[in-house]
Each structure stands twice: as C-alpha cells, then as structure tokens.
4 protein chains.
Amino acid sequence: MEAKRKHSENGQRRQYDKSGRTRATILAAALREFSTHGLAGARVDRIAKSAKVNNHALYYHFGNKSALFRAVLENGYDAFRARQAPRDLKNTPPLEGMVEIVSDVFEFVRDTPEHMALVLDVNRNRGAHLTADASERVRAAASPLLRDIEFVLRRGKSLGLFAKHVNPEHLYLTIFAVCNFYFTNAYTVSAVVGRDLLQPGAIRTRKKHIVRFVLDALRP
Amino acid sequence: MEAKRKHSENGQRRQYDKSGRTRATILAAALREFSTHGLAGARVDRIAKSAKVNNHALYYHFGNKSALFRAVLENGYDAFRARQAPRDLKNTPPLEGMVEIVSDVFEFVRDTPEHMALVLDVNRNRGAHLTADASERVRAAASPLLRDIEFVLRRGKSLGLFAKHVNPEHLYLTIFAVCNFYFTNAYTVSAVVGRDLLQPGAIRTRKKHIVRFVLDALRP
Amino acid sequence: MEAKRKHSENGQRRQYDKSGRTRATILAAALREFSTHGLAGARVDRIAKSAKVNNHALYYHFGNKSALFRAVLENGYDAFRARQAPRDLKNTPPLEGMVEIVSDVFEFVRDTPEHMALVLDVNRNRGAHLTADASERVRAAASPLLRDIEFVLRRGKSLGLFAKHVNPEHLYLTIFAVCNFYFTNAYTVSAVVGRDLLQPGAIRTRKKHIVRFVLDALRP
Amino acid sequence: MEAKRKHSENGQRRQYDKSGRTRATILAAALREFSTHGLAGARVDRIAKSAKVNNHALYYHFGNKSALFRAVLENGYDAFRARQAPRDLKNTPPLEGMVEIVSDVFEFVRDTPEHMALVLDVNRNRGAHLTADASERVRAAASPLLRDIEFVLRRGKSLGLFAKHVNPEHLYLTIFAVCNFYFTNAYTVSAVVGRDLLQPGAIRTRKKHIVRFVLDALRP
DNA sequence: AATGAATGAGTTTTCATTCAT
DNA sequence: TATGAATGAAAACTCATTCAT
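Parameters and conventions
- Residues numbered from 1 in each chain as written.
- Chains lettered and ligands numbered in written order.
- Predicted model: local features only at pLDDT ≥ 70, side-chain atom pairs only at ≥ 80, totals over all residues.
- Heavy atoms only, no water.
- Contact = heavy atoms within 4.5 Å.
- Buried area = accessible area lost by both parts, 1.4 Å probe.
- Salt bridge = Lys/Arg side-chain N within 4 Å of Asp/Glu carboxyl O.
- Helix = DSSP H or I, 4+ residues; strand = E, 2+ residues; numbered from the N terminus.
- Near = heavy atom within 4 Å.
- Polar contact = N/O pair within 3.5 Å; in protein donor to acceptor, adjacent residues only side chain to side chain.
- Nonpolar A, V, L, I, M, F, W, Y, C, P; charged D, E, K, R; others polar.
- Axes fitted to C-alpha atoms, helices over the stretch in contact; angles between N-to-C directions.
- Parallel < 35°, antiparallel > 145°, perpendicular 65-115°, else oblique.
- Left-handed = near helix turned anticlockwise from the far one by under 90°.
- Least-squares fit on C-alpha atoms with pLDDT ≥ 70 in both.
- Buried < 20%, exposed > 50% of the residue type's maximum accessible area, 1.4 Å probe, protein only.

Draft legend 1. Representation of the interface of chain B and chain A in the model. Across the contact, 55 residues belong to chain B and 55 residues belong to chain A. Across the chain B to chain A interface the summed buried area is about 5,200 Å²; carbon plus sulfur atoms make up 62%. On the chain B side of the interface with chain A, the three residues burying the most area are Arg124(B), Phe181(B) and Phe213(B), jointly 13% of the side's total. Across the chain B-chain A interface, the total number found is four salt bridges. The salt bridge involving Arg124(B) is made with Asp121(A); its shortest N-O contact spans 2.7 Å. Secondary-structure elements contributing two or more residues to the side of chain B that touches chain A are helix H1 (13–41), helix H6 (113–124), helix H7 (132–158), helix H8 (168–184), helix H9 (186–193) and helix H10 (200–218) of chain B.

Draft legend 2. Inspection of the protein's contact with DNA strand E at higher detail. Around DNA strand E, 36 residues are found, and the nearest of them are His56(B), Arg43(C), Ser19(D), Thr22(D) and Asn54(D). Those atoms of DNA strand E that come within 4 Å of the protein belong to sugar or phosphate at a rate of 62%. Interatomic distance of 3.1 Å between a backbone N/O atom of Val44(B) and a phosphate oxygen of DNA strand E. Contacts to DNA strand E include Tyr60(D), whose side-chain N or O atom sits 3.0 Å from a phosphate oxygen. The set of elements that each furnish at least two residues to the surface near DNA strand E consists of helix H1 (13–41) and helix H3 (55–62) of chain A, helix H2 (44–51) and helix H3 (55–62) of chain B, helix H3 (55–62) of chain C together with helix H1 (13–41) and helix H3 (55–62) of chain D. The residue inventory of the surface near DNA strand E, partitioned by class, reads eight nonpolar, 20 polar and eight charged.

Draft legend 3. Geometry of the arrangement of the chains. Taking C-alpha atoms only, the smallest gap left between chain B and chain C, which are not in contact, amounts to 13 Å. Separated in space, chain A and chain D share no contact, their closest pair of C-alpha atoms being 13 Å apart.

Draft legend 4. Fine view of the packing of helix H4 (residues 65–83) of chain D against helix H6 (residues 113–124) of chain D. All names here are of chain D. Where H4 contacts H6, the axes come no closer than 10 Å and their chain directions differ by 125 degrees. Considering their axes alone, H4 and H6 lie oblique with respect to each other. Where H4 crosses over H6, the two elements pack in a sense that is left-handed. Taken together, the residues of H6 that come into contact with H4 (itself represented by Phe 69, Val 72, Leu 73, Gly 76 and Tyr 77) are His 115, Leu 118, Val 119, Asp 121 and Val 122. Of the residues belonging to the contact of H4 with H6, the class tally is seven nonpolar, two polar and one charged.

Draft legend 5. Quick peek at the relation of the copies chain B and chain A. Placing chain B over chain A gives an RMSD of 0.3 Å and needs a rotation angle of 179 degrees, together with 0.0 Å of translation along the axis. What the superposition gives is, in effect, a two-fold axis relating one chain to the other. Closest approach to the rotation axis among the C-alpha atoms of chain B is made by Ala217(B), whose C-alpha sits 1.9 Å away. The fraction of interface residues of chain B whose copies in chain A are also interface residues reaches 98%, indicating that both copies meet through the same surface.

Draft legend 6. Region of interest: the relation of the copies chain C and chain D. With an axial shift of 0.0 Å and an RMSD of 0.3 Å, the rotation relating chain C to chain D amounts to 179 degrees. A share of 98% of interface residues in chain C that are also interface residues in chain D marks the association as one of identical surfaces.

Draft legend 7. Local environment of the pattern of salt bridges. All names here are of chain A. As enumerated under the stated definition, the model contains 58 salt bridges over all chains in all. Across the pair Arg 46 and Glu 33 runs a salt bridge whose closest N-O atoms are separated by 2.6 Å. Of this pair, Arg 46 sits in helix H2 (residues 44–51) while Glu 33 is found in helix H1, placing the two residues 13 residues apart along the sequence. On the basis of relative accessibility, which here comes to 8%, the residue Glu 33 falls in the buried class. The salt bridge partner of Arg 81 is Asp 78, with a shortest N-O separation of 3.6 Å. Taken as a pair, Arg 81 and Asp 78 lie in helix H4 (residues 65–83) at a separation of three residues, close to a single helical turn. Owing to a relative accessible area of 39%, Arg 81 belongs among the partly exposed residues under this scheme. Judged by relative accessible area, which is 17%, Asp 78 ranks as buried. Among the ionic contacts, a cluster of salt bridges with common partners joins Glu 74, Asp 78, Arg 81, Asp 133 and Arg 137.

Written as structure tokens, this is what we have:
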C-alpha cells in the first residue's frame, strides 16, 4: 500500500504530512464512491471532486483506478485487524468471551458498511480485483478472530457450556453472516418488513437478538 | 415501455410468442450480466450479444438499461414467489416444518445466486433502483415465507418445542442471513479458511450446519 | 405528389377515401413536426404517433422521410396558390388593390406559419431538399401574386398614385419580408420588446402598420 | 460548465490563452454547423472535426450540444452589440442618421447570416433553446439600436422630416424584416424571380431599395 | 505535486428504414 | 394496407488516463 512514500527524511516533514493527508483524503473519498457504486460503477472524477483534489492526484498517488480500489480494500482489512483489540480471553469466562466476540463483529460491520460493500464487490467479481497480496491481508485480518473463536469455543466446550458438535469455522461464518446481512441488505429487507432497519433502535434490538441467538444455539 | 402486450386474437399468436421469447432471452442474458457486473458495470452490448439480438431490441422492449435492470429484478422476485410451493404446514410437525423452511431458503439462495447479486446491488445503491412497483414485488415475494415462519413458530411454541422469546421477523432475517452470506461472500471467506466453499461437499455440509444451528437456537 | 393513387375506380371508393384521409392526416402531422424541428430534427416516429398511424404507413404512402418533407412542402405551395382568389383588379382602384394584396400576404403568412417555417428550412439548406419539380411549384405559386403586384403598380403609377421608381420585384420581396419576419422571429423579437407579439391585438396592430407603411412608401 | 475561467496569475497566462483559443475555435466551427443544420441537424463530430479538436473538448468546455448552441447564440448577440459603433447621432441630421441605421442593420444581417440562421432556429422551436440568460442578451444586444431609432425618429419628427404617426418599435421590426428576409429566403425567392439574389450586384441594389423604401415611407 | 486541458476508445441511446405476418 | 418487431448505422456523451505547464 504505502508504495511510494519517498520523503521520509526530516527536512521534508511538512510535505510528507501533506502528502499523507492527501492520500488519506483520497482513500476516504474513494471508499465512499467504491462502496456505493462498486469498482465498475465508480467514477474517478467523482472521487477527485469529493476529495477536493485534481484527478491527476489519484494517478500520482495510486497509479490507476483499480489500484486505488485495492488500496482502499487493503486499508479496510488493515483497519479490521487493527481494531481487534488484543482480547484477554484467558481471563474471561467463555460465555462472556463469546458475547464479546459477537458484539465486536456486529459493531465492526455496523461501523464499516462501506468496507463490507467493497468486499461484496470483490466477491461478485469472483476475486478479480484481488491480488495475492490482498488475499494475504484478508487472511491476516481474519485470523486473530478465527483463533479467538476457536479458543473460546474449546474452553466453553471443555467446561460443558457449549455443545460439542459446533465447528469453529462454521461458527465464524455464521456470526459474520447474521451481522453482515442485516446491513448489506437493509434496504430490501426494510421493504419486506415495512420499517427502516437502519434506525438506531432497530440496530440495537438486532444486536441483542443476534447475541442471544448465537448463545442459544451453542447450548449443549 | 415494457407494458404487458397481450394479443388475444388468434392471428397474432405466433408473433406474440416470438416477442415474448425475445423478451425472455434478453431477461436471461441481462440477469447474467447484471449479476456479475452490477448495473453500473454491465454492458448493454454484452447483453445483446449474449442474447443474440440487436442491441436496439433492449431499448424497444425495455426502454433503457436501468429499466431493464428493474425488469430483471422484478422477474427474480416473481420467480422467488412462484417457487414457494404451497406448503402443507398444518399437517407437518413444527420441527419438520422449520427444517423444510430453512432448507428451502438455503436452496433458493444456492440456486439463484444471480438474483441475490442483483439484490445486493440494489442495497449498495441504497435502494436507488427500487421503484414503488419493485418494492411491492419484494414484499409480495417475501410475504408467504414470512407467514410460514410465523405459523410454524407459533405452533412450535405452543407445543413447547420452540423458545417463547423468538421473534419471527428476526428469525426470517437470520435464516436468510446465514444462507445468503455463504454464497455472496464465498470468495473472500474461502481465502480466509483456505478451501473452496463452493465445492458441492462444502455446500452440503454448510446446509446441515445451518439447519442444526437454527434448530438448536430455537430450543426452549 | 399524388404519386401512388391507384384505386380510382368506383368499386374501391371507400378504400380510396380512407387512403386519402390517411395521407392527409400524415401530411398534417408531418407539417407540424417539420415546421418545429426542420427536416433534420423531425422524427418519423413522432409524426406517425401524432398522426395515429403505424410508422410504416409513412413509407408506404410517401417513400421516405425527405420525400415526405417534399410532399408537405409542395402541398403548402399548392395551398398558397389555391388561396389566391382570382382578384378582379381591373375594376379595383390601385390603392385599394394594393391594400388587398398586402392584406392577403399578411393573412397567408399569419395563417400558415408552419409552411413558412418549412420554406426557411429549405433556404437554410440552400435548397438541398428542393427538387426541380418543387422549384416549379414555388414559381407557380408565386407568379400570380407577382403579376398582380406588377399590374396594380403599373396602373397606380400611370394614375400618378405611386412613385415611378418602385420596382415590382423589390416590392414583392418587401411585402413578404415585413409580413413574414414578424411571425418567423416572433419569439426573439418578443424578448427584445418585452411583450408577446403573437397576441391577437398585437397582430392586428402590426397588420395596420404594415399596410400603411407600404402605402406611405409608394407615394409619389 | 462554460464558467468564465479567469486565471489572473501570470504563470497560467499561456494556458488560459490556449484554452480560450480552443473555445473560440469550437465556437466558430459550431456556428458554421448550427447555422447550416440547426440544433437538431448539427453533428457534434462534424463540429469537432472542423475545429480540429477531440470531440470530448466540446463537452469539456461547453457541457453538451445544446449548451454549446446557446453559447454560440449568446456569442452572436454579444458580437451584434459590440458591433454597434457608438454613433454620434446628436450631430447627424436625422435623414442621414436613419440612412446610417438602416445601412448598419443591412450590413450586419448580410455579414452574419450564420447568426441570423441560429436565431431562426430558436424561433422555430418557439424559444425552447432560449434561456433567461440568453433572453437578457437578446435585449441587451437590441437595446442600443432601438434607442437610436427612437432618438433619430423623435428628432426627425420634431424637425418635420418624418411622419408623426410612425412607431419606433414597428420601425425597428420593419427595418430588420426587410433586411433579414432577403438573406434568409434568398434561395426560394431566387427561384421565384429567376435570378440569384446573392450576387454582389443584387445585394447592393437591394440595399439601395431598402434605404429608399424606408425613407420614402417615413416622409410626412 | 498540482492544475487545466487533451486524448482516444468505449458506451448508451437514437433513428430511419425494412421485415414478416 | 396495417402492425409489431427487427436491423444496422450513427449519434451523443462518458471516462480512464495522459500531457504540458
């Protein structure tokens, strides 16, 4: 990602910061654009305008449109990983640990719907936008969480709190599914149920439902 | 555009069929194109070529690209509704009924990934492609399923088979979520877990997991 | 013009009339369309729709778009000629005769702005739409009027009512100019003078001005 | 689009000039195209080719085809206004002043047939291309001339040189009419009179006729 | 690094005309 | 003759990218 960061020397500090700020502004604008329109539907000029920079800046900093897409995507995965506070699960009761994990996933998904939209775009194109490097980041981002789930699940099982048959990978998938679907399909599902799912109250209720649902399912 | 053309007179039967066939061919080609590329990324010429018609035919029959998108989308919802075999839930034990419901959703989602991709595109644009008419179809398509879930859930609760606190709308959402996410995010999740989720065996296993997971969660 | 009028026999009277009516309807619709949009800007489908016939009828009856334009144009010239009531100028005093001529031109131009618009289109294209046949009709349509002007002018001069130096061709041109310009430029001139020139009252006033202006100019 | 781009800093002078030159080239080419074919019949690619620019340049500088049309039109009105040499009518005898005015109108119309053709196109579409801004320019362009006519007419009347009843607005219209019609209808009228009205000699003769005709009409 | 302008290929849409019935 | 559908060429407009300054 940080491909071309020349100018790290002291004398050029100011410029470096400015450059970094420009990059960040572009990334933010690009995230908005890509998340609503996808890679194909996104418009370079719209991103530039929204970031209040000349469109040439995008090329200078990122090379081209799809490289920018990848940068945004990788940035999102990095943010996900960074957000994984190192949990002290060893000193937490499994039930509490599981609640914490589910809540974290829910909150991440709730707070970064744009990133999730990007991920969907990648999937829609069967990974065509995904470089080997990005694939690596996906794994790196997800691994800690997957390991946490495994850890808590194992401890919970051994304490007789969770059913023996539950598979951690499936659980991981299921937790992500119930959290993510709610946001990525909010508009059409709102049409089905006849009320706005993105109202704060509705979101809180959904979160409680999910946490309880997962824990209920895990009962031995 | 796109008005229902009925030619009840005999002499025009053949022509009607031809027109209807052209429309159907275009709809099918458009579904493929829109599902892989989204509305923005789809190419009208690609659709025309794939449908083996002159590209003007799309305009003649559907008006323009986004009207065609809507036609495809509504067609998909109609197909979903049509697929809802009239279930004889009154004579089915609640547990079996629930298994049947979850299985049906899973199979629908598995068999119509193109339609689900379209739905995601709609959501990504915050419902921008969704006309009032389409909204109505969404509701119409979902209603029978929602009613079935309510019915089975109520009966199961009264027989002491399901926990009292479960809300049918949330359950509907959850079932759809666990089924749908698996397919819409197969590519990136495969990267995380290190194996191809779309292998037939993996799909079967996932289905079993989901059915069991839902039933486990519903236990009183 | 009346190129393909087969079916003149008695037994097919009804059909002939229907065909004639269709032609007339198309011509009227085409006149509206061509006069507002010109040959290039006119749309065949718009004409067909406005005439409430299938667009193929235009081709059947007139061949193609520019042939239809010519038919409309020639029709207009024929109407102009037909309108020239055989004036009994020999028994009319020259001043009255001149008033009558100017009034007739004004009224023709006022009543057939669509035809005049067509003529402008022809001029804009430097006669590109004009066949030899049409040229002939132009002359045929204009000749009687030109002759009348010559006649009245000559008599008026010999009676000492009109200035000797006035040239009949120039007078013809001038009369047409002052009448026609008012209608063909009504919108922009309305913008200049700040009121709507096409109000009935404004038109009447303009006519009076023109008649007086011409007679004043002709004084010896 | 089309906003006035002023780069007051020195360093961008050259660039500004280049842009301005491109705009001017496009405007000139567009004037040619629009005047011969009208808005509807004009071809964007032909304009671009004739201006020797990429066709995107039209969109970059003017937005779209009809915005370009408006720009050309407004440009023409501005040129008309700019052409109005500040006449020293106060020190000119009214008869001479009137001759000068009529001659100026004739020469303007003779020299800018393209602009006049555009104006006709506007009128043909019942002012549809006329924005509020363009309307303002029309008025601004015409006002000085109208004021001059009023001034000369008033002075001439008070000196007993012109008839009292003549209305300045009508006179304005009449002058424009007799000058303009000759050029906008040259082709068809040539067909009527059987000689080419656009020959230099014919034009000179026509001018003399018009000047005399107007002055004759104004006699008390 | 930043800016306005330019490029060239592509994409949607339009349109006169023709075909089949 | 009348109709709906089809055709193929062209037209307007878009867009990622690059150039010159």
